[in-house]
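# Examination of the molecular architecture
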Amino acid sequence: MAPVTLYQFELCPFCHKVKAGLELKGIPFSKVEVNPMGKKELPELPAGSPRKVPVLQIHGEFIADSTTILSYLDKRIDTGMRFLPTEPELAAKAEAIEQWVDDELIMALPTVIYGSWREALTAAQVTARTSNFGFFQNLGVRAGGPLIMHQISKRILKKNGRSDGHRWVQDNLDTVEAWLGDADFVTGPTLTLGDVAVHGALSCVRDFPIFAKILARPRLAAWFQRVQSLRDANAAPAAS
Ligand SMILES: N[C@@H](CCC(=O)N[C@@H](CS)C(=O)NCC(=O)O)C(=O)O
């Protein structure tokens, strides 16, 4: 296959959804870390496309939006792993879970990453360490980041009628556990798009204290490891 390139921010949950999809499908890819200030690394996108990550270069095309990318990969690349079940009711549930991840889980997570001053300080340091910032921007993120991030967190909580980010995330984790029930995956006995989306989004917070709270839930921890094992087993060696 021609080279596949993911244009991403290391701390973007939507990009992590795509990485989960690429690994589970066993598609080799390389990453381009985009500088959030200016986004000069991003290629020319189709007219009207917002200049956001993720963008995937594949088969000579540039595809934007994590949901569109996962759907493209599932329809166009058959590696034996299907994300969308053929049974319509299950497919609808898997798609609804992916939508919920975009609208709810990915909205809630930043409020616990940046929620308290201490959390915001950690987040600014992780952002500066992992992102494609130049030297001065890097210093700026370390120094000004916590304030900006804390303000963003407060704004998201207000917009969603919430006052406590940790409660919100715990409610979301309860929802995922209720979907799991006694099954191996969120829509039943086989992995679907729902698992790709939830696992991708949660992988984004691995370096943050909230991750320990996620793994403290035995049912969720077992599911996370189950999906991770599939990712590790299927992942193609990184493209050079
Ligand atoms: N609906 C899009 C959302 C993508 C998105 O919001 N990406 C953020 C990073 S997490 C971004 O690129 N923000 C940069 C900007 O808005 O300037 C998807 O699913 O991919």
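Residues numbered from 1 in each chain as written. Predicted model: local features only at pLDDT ≥ 70, side-chain atom pairs only at ≥ 80, totals over all residues.

## Overview of helix α3 (residues 88-113)
Put simply, the rule is: Where helices and strands are cited, they refer to DSSP runs of H or I of at least four residues and of E of at least two residues respectively, numbered from the N terminus. Every helix has an expected span of 1.5 Å times one less than the residues it contains. Two axes are fitted around each residue, one to the seven residues ending there and one to the seven starting there, and the angle between them is reported as the bend at that residue. Residue burial here comes from a neighbour count, namely the number of other C-beta atoms, placed from the backbone, that lie within 10 Å of the residue's own C-beta, with 20 or more meaning buried, 12 or fewer meaning exposed, and in between meaning partly exposed.
Here α3 is 26 residues long and its end C-alpha atoms lie 36 Å apart, about the 38 Å a rise of 1.5 Å per residue gives. Along its length, α3 reaches its greatest deviation from straightness, about 40°, at V101. The complete set of buried residues in α3 reads A94, I97, E98, V101, L105, I106, A108, L109, P110, T111, V112 and I113.

## Quick look at the site of the ligand
Heads up, the rule is: By definition, a residue lies near a molecule or strand provided its backbone-derived C-beta atom is within 6 Å of it. Residue type decides the class: Asp, Glu, Lys and Arg count as charged, Ala, Val, Leu, Ile, Met, Phe, Trp, Tyr, Cys and Pro as nonpolar, and the leftover types, Gly among them, as polar.
Every residue close to the ligand is listed here: F9, C12, F14, K52, V53, P54, D65, S66, T67 and D102. In terms of residue class, the shell around the ligand is built from five nonpolar, two polar and three charged.

## Side note on the domain arrangement of the chain
So the rule is basically this: An automatic or database domain assignment supplies the residue ranges for each domain. Note on contacts: residues are paired as contacts if their backbone-placed C-beta atoms lie within 7 Å.
For the chain, the assigned domains are domain 1 (5-76) and domain 2 (88-234). The C-alpha-based centres of domain 1 and domain 2 are spaced at 19 Å. Facing 20 residues of domain 1, the contacting portion of domain 2 comprises 22 residues. If you list the elements that add at least two residues to the side of domain 1 that touches domain 2, you get α1 (13-25) and α2 (66-76). Among the elements that take part in the side of domain 1 that touches domain 2, α1 stands out by supplying nine residues, more than any other. Across the side of domain 1 that touches domain 2, the residue classes break down as 10 nonpolar, five polar and five charged.

## Re the packing of helix α4 (residues 117-130) against helix α5 (residues 135-159)
Going by this rule: An axis is simply a line fitted to the C-alpha atoms; with a helix, the fit covers only the stretch in contact. Between two such axes, the angle follows the N-to-C directions and lies from 0 to 180 degrees. Helix crossings are classified by the rotation of the near helix relative to the far one: an anticlockwise turn of less than a right angle makes the crossing left-handed, while a clockwise turn makes it right-handed.
The interhelical angle for the contact between α4 and α5, taken along N-to-C directions, is 145°, at an axis separation of 8 Å. Where α4 crosses over α5, the handedness of that crossing is right-handed. Contact residues: α4 offers W117, A120, L121, A123, A124, Q125, T127 and A128, while α5 offers N138, V141, R142, G145, P146, M149 and H150. Of the residues in the contact of α4 with α5, the class split is nine nonpolar, five polar and one charged.

## Notes on the sheet that holds strand β1 (residues 5-8)
Quick note on the threshold: Strands pair, by our definition, only if DSSP identifies at least two bridges between them.
The sheet built from four strands is open, its strands ordered β2-β1-β3-β4 with mixed pairing. Every interior strand has two partners, whereas the edge strands, β2 (30-33) and β4 (61-64), have only one. The sheet shows a mean angle of 20° between the axes of neighbouring strands, direction not considered. Bridging between β1 and β2 involves four bridges; their strand directions are parallel. Looking at the pairing, L6 lines up with K31 of β2.

## Observations concerning the nonpolar core
The test is simple: Among buried residues, those of type Ala, Val, Leu, Ile, Met, Phe, Trp, Tyr and Cys that are joined through C-beta atoms within 7 Å form a set called a nonpolar core.
One finds L109, V198 and A201 to be the most contacted residues of the largest nonpolar core, which totals 57 residues. Sorting elements by how many residues they give to this core places α3 first, with nine residues. Each of domain 1 (5-76) and domain 2 (88-234) accounts for three or more of the residues forming this core. Not counting residues up to four positions away in its chain, the partners in contact with L109 are P13, V169, A201 and V205.

## Some thoughts on the environment of E44
As for its position among the elements, E44 is in the loop between β2 and β3 (55-58). For E44, a count of 7 C-beta atoms within 10 Å corresponds to the exposed category. Along the primary structure E44 and S66 are separated by 22 residues, whereas in three dimensions their C-alpha atoms are 18 Å apart.

## Regarding the pairing of β4
Where β3 lies against β4, four bridges are found, and the strand directions are antiparallel. Looking at β4, one finds that L56 is bridged to I63. With antiparallel pairing between neighbouring strands as the criterion, β3 and β4 make up a hairpin whose turn holds two residues, including H59 at a positive phi of roughly 50°.

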